[in-house]
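Here is what each chain is made of, one letter per residue.
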Amino acid sequence: MSDQLALNLIHRVNVGDSLTRSAARDAAATAVVEGDRRLSYAQFNRYVNRTAHALASAGIDVGDAVGLASGNSIEFLTVYYACAKLGAVCVPINLGWRADEVRHVLSDATVALFVVAEPLQEVLAEPAKSTATIELVVVIGEPTEWTGVRVTSFADFVADRSEDEPQRVVDDRAPLTYLYTSGTTSLPKGVVGNHTAVYLESMTMALEGQFRADDRFAAMMPMFHTAQLNCHCTSAIMVGATIHILPGFDAVVLLDLIERESITQVFGLPMMYRAMLDHESIERRDLSSLRRALYAMAPMPQDMLVKCIEVFDCGFYLLFGQTEMSPTATIFRPENQLTHPGAAGTPVVNVQVAIMSPDGDLLPSGSEGEIVYRGPHVMTEYLNNQAATDEAFRFGWFHSGDIGRFDDDGILWFTDRRKDVIKTGGENVSSLEVEKALYSAEPGAAEVVVVGLPHDHWSEAITAFVVARPGVVLDPELIRRSMREHIDAYKIPKAIVVVDMLPKTSTGKIQKNKVRDANSGLYR
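Identification of the protein chain as AMP-binding protein from Gordonia asplenii is taken from an unreviewed UniProt entry.

With that out of the way, let us pick up the overall build of the protein chain. For the protein chain, the helix and strand inventory stands at 16 helices and 26 strands. Whereas a compact globule of 524 residues would reach a radius of gyration of roughly 24 Å, the protein chain reaches 23 Å, a difference of no more than 12%. Summarising its shape, the C-alpha atoms of the protein chain cover approximately 70 × 55 × 50 Å along the three principal directions. Residue burial in the protein chain is summarised as follows: out of 524 residues, 56% are buried. By sequence separation, contacts in the protein chain at least 24 residues apart represent 66% of the contacts at least 6 residues apart.

Here we take up the pairing of strand β24 (residues 445-455). Among the 11 residues that make up β24, nine are buried, leaving the element largely enclosed by the rest of the structure. Pairing geometry for β24 and strand β25 (residues 459-468), over 10 bridges, is antiparallel. Within β25, the residue paired with alanine 445 across the bridge is alanine 468. Hairpin connection from β24 to β25: three residues lie between these consecutive antiparallel strands.

On to the sheet that holds strand β18 (residues 369-374), then. Taken in spatial order, the four strands make up an open sheet running β17-β18-β20-β21, and their pairing is antiparallel. Edge positions in the open sheet fall to β17 (352-356) and β21 (412-417), since each of these has one partner strand only. The average angle at which neighbouring strand axes cross in this sheet is 50 degrees, direction not considered. Taken together, the four bridges between β18 and strand β20 (residues 398-406) define a ladder with antiparallel strand orientation. What sits directly across from valine 372, in β20, is histidine 399.

The subject of this paragraph is the domain arrangement of the protein chain. Interfaces are often sized by the amount of accessible area the parts lose when they come together. According to the domain assignment, the protein chain consists of domain 1 (3-196), domain 2 (249-417) and domain 3 (421-519). Its C-alpha centre places domain 1 at a distance of 41 Å from the equivalent point of domain 3.

Bringing the sheet that holds β24 into the picture now. Strand order in the open sheet made by the three strands is β24-β25-β26, with mixed pairing throughout. For this open sheet the edge positions go to β24 and β26 (495-498), each flanked by a neighbour on one side alone. Going from strand to strand, the sheet's axes swing by 25 degrees on average, the running direction of each strand aside.

Grouped burial of nonpolar side chains is what soluble globular proteins tend to show. In this structure, Phe44, Leu77, Tyr273, Phe312 and Phe316 are the most contacted members of the largest nonpolar core, which totals 118 residues. Per-element tally for this core: the top contributor is helix α4 (residues 74-86), with 10 residues. Taken domain by domain, this core gets at least three of its residues from each of domain 1 (3-196) and domain 2 (249-417). In terms of nonpolar packing, the next biggest core, distinct from the first, is built from 27 residues, Val105, Ala109, Phe114 and Leu383 among them.

A few words on the packing of helix α2 (residues 15-25) against α4. Relative placement of two packed helices is described by the angle separating their axes and the distance separating the axes. Running from N to C, α2 and α4 point in directions that differ by 105 degrees, and their axes come no closer than 7 Å. Judged by the angle between their axes, α2 and α4 are roughly perpendicular. Along its contact with α2, which presents Val15, Gly16, Ser18, Leu19 and Thr20, the element α4 presents Tyr80, Tyr81, Ala84 and Lys85.

In this structure the tally under the stated criterion is 11 aromatic pairs. Consider the rings of tryptophan 97 and tyrosine 180, whose centres lie 6.5 Å apart with planes at 90 degrees: the pair is edge-to-face. You can see tryptophan 97 sitting in the loop between β4 (89-92) and α5 (99-108) and its partner tyrosine 180 sitting in strand β8 (residues 175-181), a full 83 residues away along the chain. Residue classification places tryptophan 97 among the buried residues on the basis of a relative accessible area of 9%. For tyrosine 180, a relative accessible area of 8% translates into the label buried. Ring centres of tyrosine 295 and phenylalanine 316 lie 6.4 Å apart, and the angle between their planes is 55 degrees; this geometry places the pair in the tilted category. Residue tyrosine 295 is found in strand β13 (residues 292-295), and its partner phenylalanine 316 is found in strand β14 (residues 315-321); the two are separated by 21 residues along the sequence. Here phenylalanine 316 falls in the buried class, since its relative accessible area comes to 1%.

Bringing the side chain of threonine 424 into the picture now. Turning to its location among the elements, threonine 424 is positioned in strand β22 (residues 422-424). Judged by its relative accessible area of 3%, threonine 424 falls in the buried class. At 2.8 Å, the side chain of threonine 424 and the backbone oxygen of glutamate 460 are in polar contact. The residues touching threonine 424, leaving out its near neighbours within four places in the chain, are Val429, Trp458, Glu460 and Ile462.

Turning our eyes to something else, we now look at the environment of glutamate 75. Relative to the assigned elements, glutamate 75 resides in helix α4. Residue classification places glutamate 75 among the buried positions, given a relative accessible area of 8%. As for glutamate 75 and cysteine 90, which are separated by 15 residues in sequence, their C-alpha atoms are 13 Å apart. Apart from residues lying up to four places away in sequence, glutamate 75 is in contact with Glu34, Arg37, Tyr47, Ile140 and Phe154.

Below, the discussion takes up the environment of proline 470. Here proline 470 lies in the loop between β25 and α15 (476-483). Proline 470 gets classed as exposed once you look at its relative accessible area, which sits at 76%. The spatial distance from the C-alpha of proline 470 to the C-alpha of alanine 445 is 9.4 Å, given a sequence separation of 25 residues.

What follows deals with the pairing of strand β6 (residues 136-140). Along β6, five of the five residues are buried, which leaves the element largely enclosed by surrounding structure. A two-sided burial pattern is seen for β6, the buried positions comprising Leu136, Val138 and Ile140 on one face and Val137 and Val139 on the other. Regarding topology, helix α6 (residues 121-129) serves as the crossover connection from strand β5 (residues 111-117) to the parallel β6, and that connection is right-handed. Bridge count between β6 and strand β7 (residues 150-153): four bridges; the pairing is parallel. Note on β7: the bridge partner recorded for valine 137 is valine 151.

Structurally, the position occupied by valine 33 is in strand β1 (residues 30-34). Exposure remark for valine 33: the relative accessible area of 5% places this residue in the buried category. The spatial distance from the C-alpha of valine 33 to the C-alpha of valine 448 is 35 Å, given a sequence separation of 415 residues. Ignoring any residue separated from it by four or fewer positions in sequence, one finds valine 33 in contact with Arg38, Thr242, Ile243, His244 and Ile245.

Here is what the cut-offs are and how they apply
- Residues numbered from 1 in each chain as written.
- Predicted model: local features only at pLDDT ≥ 70, side-chain atom pairs only at ≥ 80, totals over all residues.
- Heavy atoms only, no water.
- Helix = DSSP H or I, 4+ residues; strand = E, 2+ residues; numbered from the N terminus.
- Rg over C-alpha atoms; globule rule 2.2 N^0.38 Å.
- Buried < 20%, exposed > 50% of the residue type's maximum accessible area, 1.4 Å probe, protein only.
- Contact = heavy atoms within 4.5 Å.
- Pairing = 2+ DSSP bridges.
- Axes fitted to C-alpha atoms, helices over the stretch in contact; angles between N-to-C directions.
- Domains from an automatic or database assignment.
- Core = buried A, V, L, I, M, F, W, Y, C linked by side-chain atoms within 4.5 Å.
- Parallel < 35°, antiparallel > 145°, perpendicular 65-115°, else oblique.
- Phe/Tyr/Trp six-rings, centres within 6.5 Å; stacked < 30°, edge-to-face > 60°.
- Polar contact = N/O pair within 3.5 Å; in protein donor to acceptor, adjacent residues only side chain to side chain.
- Right-handed = clockwise from strand over helix to strand, strands pointing away.

Rendered as structure tokens:
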């Protein structure tokens, strides 16, 4: 062993090492559960090591990119940790992307090897075959016939490989992932996440959430999204907790799992908590094992939050951040949920948060401006996009693109995404503020999105699109009248449109850009 390798293995910050250490600390503890499959930390670590050696035998070197297209599975986490230990870069594929977006990501990341789940082969075959750098496709399951590219099954790929720890020199700030953010008007942009950023963010989440080795996490949000992957999975592995893997959200399946496995932590969207609250069996369920319930992507309507706290009887946390922050920047803590309804929380350990003017001046409490960050959680750069990187790092801070303010209690309030602020009649109106007011005025609203649409008089007309809760009939004019008790008159939507559903990303976030585009002619 060279001196350089020896020193690197002693000192380095590597996300893969967190698994190695948890396995050494308690080999027999259960690491991951998927259906009938249960792997201890020792078994999971050996599986990861076999995968890492298989990747190395296939020619994957430090810095090489490995594409990963899979739903939630043990194999998803296995490939991710194998890449980490090897110093390769994991490139998760968002399963909601179009073929041209997948093709762009595979090419932009220069993916050399592509791991694909069996059900996705037909959809991803063409983008994979048209990417010149891909030399091998590994199928989790049974491969179908591929032409023009080498294919093998994951089982054959890792069979008979060494279970020893891989020994590679991997720098602390070496890239770990290229996580592509979905563009509204352009192709996805690659966020380069590094080992130090993800390692410290994982430790931050474990510290702030008081995660423990005897915790049992339910992982139902997509693992290709950093919120599930790095707020929960990497943090759980770091403390030696158990991850129960679900393919997605189903209210009955999740409630059954909580009772059967004594789940201590769940993470979901507000609409998922709503679905559980509305289920006819909720009052009969034993949810006493829950310690924490985390939510993100959208605010929780206040009446619903109060009901959640009452029914689930555990600490509720709102996570606020973005992919570029690995992703957590602030946490809205249980003690503030009811005293400061609607806030984004307080900065987490390792992150400094400030409010900045367009000229780069830091603003005092109460002043509204762009939310900016400093800290080791911040991404390295945007891949192959120096202009976007320079723009994001102006004035020595990372620029979030979010608008907000701090109050006198030191709590951050999120106003809106800069691009979602509605300019109407000479005023700037937060779409989020209007959404919160509509939820307060109409308990029968299941989902709400507010956008600005082109209007000859108002420039942009505030417009709400609402999905009703099951069995509820909504009256748009009655809602508008009720909103007068919750918001200034000029902020009340010019129109409220009741719809059956709203377009969403694969992570469940409502796509405001699609709502705007589809309804741009409403007032014309």
